[in-house]
Amino acid sequence: MLHLCFFVLFHSSLPGSQGMKSARCLPVSWSVAERFWWEAAMECKGPPGSGCEAKTASFQDAVRTLNTLQTNASYLEQVKRQRSDPQAQLDAMEMYLARSGLQVEDLNRLNIIHVTGTKGKGSTCAFTERILRNYGLKTGFFSSPHLVQVRERIRINGKPISPELFTKHFWSLYHRLEEFKDGDHISMPSYFRFLTLMAFHVFLQEKVDLAVVEVGIGGAFDCTNIIRRPVVCGVSALGIDHTSLLGDTVEKIAWQKGGIFKPGVPAFTVLQPEGPLAVLRERAQQISCPLYLCPPLEALEAVGLPLSLGLEGEHQRSNAALALQLAHCWLERQDHHDIQELKVSRPSIRWQLPLAPVFRPTAHMRRGLRDTEWPGRTQILQRGPLTWYLDGAHTTSSVQACVHWYCQSLERSKRTDGGPEVHILLFNSTGDRDSAALLKLLQPCQFDYAIFCPNVTEVSSVGNADQQNFTVTLDQVLLRCLQHQQHWNCLVEKQASSNLWSSCGPETAGPGSLLLAPHPPQPTSAGSLVFSCISHALQWISQGRDPIFQPQSPPRSLLNHPTANSGATILREAAAIHVLVTGSLHLVGGVLKLLDPSMSQ
């Protein structure tokens, strides 16, 4: 446990604020974690009547047992240690599949669409699934991560499987694998492997017509890559992410992603930078996989009608173009007759890849694109004076796209009455991602406040197994948030003054330091606050003005600091409050859990 004193630099320059605020010292005479746990116990009371019904308790018991198999974070650490023999991971997955009562060949009956990529692969899958469901097909959809409840990862006809169905299939698979337990051998696969196996079992037993399967991480050695004969494969936009596992260049990452290609199975990719596109092309040639380059959505609109997308953001057009090709190819290979006549495209000489066909999207395809829903991705919730902009962007390229979408959305929602508006960033970032680089991309949005909190809905997650994470301590996640705050303060100080010291990163004060003011106080142009959980952050931001999010007893400590106190007055009086939530899908999920109670039902 850490016993320390830390300094937090705050400032408020919102409309109506009283000038500059100097640096404030917040003494902490016990550990950071202990302080926040104590705060929650004293002041953050849960809602009355929160006891679970028997069937819900059974579901929660299943989720708690699932959590003991490791979360994704610890799975990543395990995979990093096994990188010297990544093929062994796939061999182990096939072993677990056999122990569960299935063979690899059984998966061929699922008529799988296998999709990888760095950004947009989940949205691409959502578009694809919705299009094919419009044809009257029974669809399965496996994705990750979940936002609120783990059963979101396994969907039938677009809906998360019920708690009862999840519980039934979980215990059936768990007990079957447990039969192989011996004194020295671990009988259970890790968290993500188990869910992948469970999805295959659910889809087969529910007799889906097809399954859309999103790769977890990478492709070549991802546990979903035991799929031998998918109907079609897709690669969404590539970028830098999970570098400790996949490699530190886009070309290395492209090699991993191309690992899902299969001999004779058509694959489609959106336009990529020349380097990674060349790697994908070489991988496809080596594997004897026919790889096609998707034409832009404009090319399909030119031979048909304008297309309306259910997901906002210019970058979603690329995902929609890929989804149309995947759905069209699947229908064609399954001898479905309701597809439009093709307009054959010429080979792309520049990219040395054949262009995918340009065709006229059918009415089913157009409605599928229009009706697609994918929570937490370019999602807007309008609640009284508050507008919540939710996007789980967590890479540099996806944050750039998020900023573009957010600014465009603000432009469309400009008020004409001239009332005061407040702009707030709610941010967190986890893993080995460069939060300083992500925050720098967000800085041009000119937020009045930057708020940081862990991906924890409530400080105490008792009774909420879906939100539990055993791989990090409260000290660790709060340290991370304080580092985010320090990065942000340095960015706004550099913008405000050219006379700052040349170095102001967390390394200035040494490893593990929590000194968040390593130089004399300087004027800044935005306030920054750190809260111990998402609920406290939302309570301060909303000030009781969100008609749905109405916690019963906000903790008194939310206004302990002058910046929080003065900002609360401004937020209560603002005509409009715009809140961008980004940096982590887990953060977005925690926010949605509180703002949209229906997602917890």
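Our structure is the block above this text.
Residues numbered from 1 in each chain as written. Predicted model: local features only at pLDDT ≥ 70, side-chain atom pairs only at ≥ 80, totals over all residues. Heavy atoms only, no water.

An account of the packing of helix H5 (residues 121–133) against helix H13 (residues 363–371) is needed here, citing residue identities and associated values.
Interhelical geometry of H5 versus H13 gives an angle of 135° and a closest axis separation of 8 Å. When the axis of H5 is compared with that of H13, the two are oblique. Handedness of the H5/H13 crossing: right-handed. Across from Phe-127, Arg-130 and Ile-131 in H5, the residues of H13 making contact are His-364, Met-365, Gly-368, Leu-369 and Asp-371. In the contact of H5 with H13, the residues fall into four nonpolar, two polar and two charged. (Axes fitted to C-alpha atoms, helices over the stretch in contact; angles between N-to-C directions. Helix = DSSP H or I, 4+ residues; strand = E, 2+ residues; numbered from the N terminus. Parallel < 35°, antiparallel > 145°, perpendicular 65-115°, else oblique. Left-handed = near helix turned anticlockwise from the far one by under 90°. Contact = heavy atoms within 4.5 Å. Nonpolar A, V, L, I, M, F, W, Y, C, P; charged D, E, K, R; others polar.)

Summarise the pattern of salt bridges; cite the residues concerned and give the values.
Summed over all chains, the structure comprises 13 salt bridges. Where salt bridges share partners, they join Glu-298, Glu-301, Glu-314 and Arg-317 into one cluster. (Salt bridge = Lys/Arg side-chain N within 4 Å of Asp/Glu carboxyl O.)

Quick one: what's the story with the packing of helix H4 (residues 87–99) against helix H7 (residues 191–205), residue by residue and with numbers?
Packing of H4 against H7 leaves a shortest axis separation of 11 Å and a crossing angle of 45°. Classified by the angle between their axes, H4 and H7 sit oblique to one another. Classified by chirality, the crossing of H7 by H4 is right-handed. Listed contacts from H7 to Gln-89, Ala-92, Met-93, Tyr-96 and Leu-97 of H4 are Arg-193, Thr-196, Leu-197 and Phe-200. Taken together, the residues of the contact of H4 with H7 sort by class into six nonpolar, two polar and one charged.

Give me unusual backbone geometry: which residues, what numbers.
Residue Pro-145 follows Ser-144 across a cis peptide bond; omega there is -5°. Within the secondary structure layout, Pro-145 lies in the loop between strand S4 (139–142) and strand S5 (154–156). Even without being glycine, Asn-111 reaches a positive phi, approximately 50°. The topology assignment puts Asn-111 in the loop between H4 and strand S3 (112–116). For Thr-378, which is not glycine, the phi dihedral falls at a positive 40°. Tracing the backbone shows Thr-378 in the loop between H13 and strand S13 (379–383). Residue Thr-378 is classed as buried on the basis of its relative accessible area of 5%. (Buried < 20%, exposed > 50% of the residue type's maximum accessible area, 1.4 Å probe, protein only.)

So what's going on with the packing of aromatic side chains? Residues and values would help.
The full count for this structure, using the stated rule, is 18 aromatic pairs. On the basis of an interplanar angle of 25° and a centroid distance of 5.6 Å, the ring pair of Phe-170 and Tyr-174 is categorised as stacked. Taken together, the positions of Phe-170 and Tyr-174, both in helix H6 (residues 163–178) and four residues apart, correspond to about one turn of that helix. Accessibility expressed as a relative area gives 14% for Tyr-174, which makes it buried. Taken together, a centroid distance of 6.4 Å and an interplanar angle of 55° make the contact between Tyr-174 and Phe-194 tilted. (Phe/Tyr/Trp six-rings, centres within 6.5 Å; stacked < 30°, edge-to-face > 60°.)

Outline the pairing of strand S17 (residues 527–530), listing residues and values.
Here S17 shows no split at all, with Gly-527 and Leu-529 on one side and Ser-528 and Val-530 on the other all buried. Direction of pairing for strand S16 (residues 449–452) relative to S17: parallel, over a ladder of four bridges. Opposite Ile-451, over in S17, you have Leu-529 as the bridge partner. (Pairing = 2+ DSSP bridges.)

I'd like to hear about helix H9 (residues 250–257), residue by residue, with values.
Where H9 is concerned, the buried positions are Val-250, Ile-253, Ala-254, Gln-256 and Lys-257. Along the axis of H9, the buried positions cluster into a sector of 160°, meaning they face one direction only. (Arc of directions from axis to C-beta.)

I'd like a description of the nonpolar core, backed by residues and values.
Grouped together as the largest cluster of nonpolar side chains are 43 residues, with contacts concentrated most on Leu-66, Leu-110, Phe-166, Phe-194, Met-198, Phe-200 and Phe-203. Leave out the neighbours within four places in its chain, and Phe-166 touches Phe-59, Ala-62, Val-63, Leu-66, Val-150, Arg-151, Ile-161, Leu-195 and Met-198. Within the second largest apolar cluster, 38 residues are counted, among which are Leu-137, Ala-320, Ala-356 and Leu-369. (Core = buried A, V, L, I, M, F, W, Y, C linked by side-chain atoms within 4.5 Å.)

Give me the environment of Leu-426: which residues, what numbers.
Relative to the helices and strands, Leu-426 is located in strand S15 (residues 421–427). In the structure, Leu-426 is positioned 108 residues away from Ile-534 in sequence and 9.2 Å away in space, judged by C-alpha atoms. For Leu-426, the residues in contact, after removing those within four places along its chain, are Ile-451, Cys-453, Ala-537, Leu-538, Val-579, Leu-580, Val-581, Thr-582, Leu-587 and Val-591.

I'd like a description of the sheet that holds strand S7 (residues 210–214), backed by residues and values.
Strand pairing in a sheet takes place through backbone hydrogen bonds and is either antiparallel or parallel in direction. Spatial strand order, S6-S5-S4-S7-S3-S8-S9-S10: eight strands in an open sheet with mixed pairing. Two strands in the sheet have a free side with no partner beyond their single neighbour: strand S6 (159–160) and strand S10 (291–293). Relative to S7, S4 runs parallel, the two sharing four bridges. Its bridge partner lying in S7, Gly-140 is registered against Ala-211.

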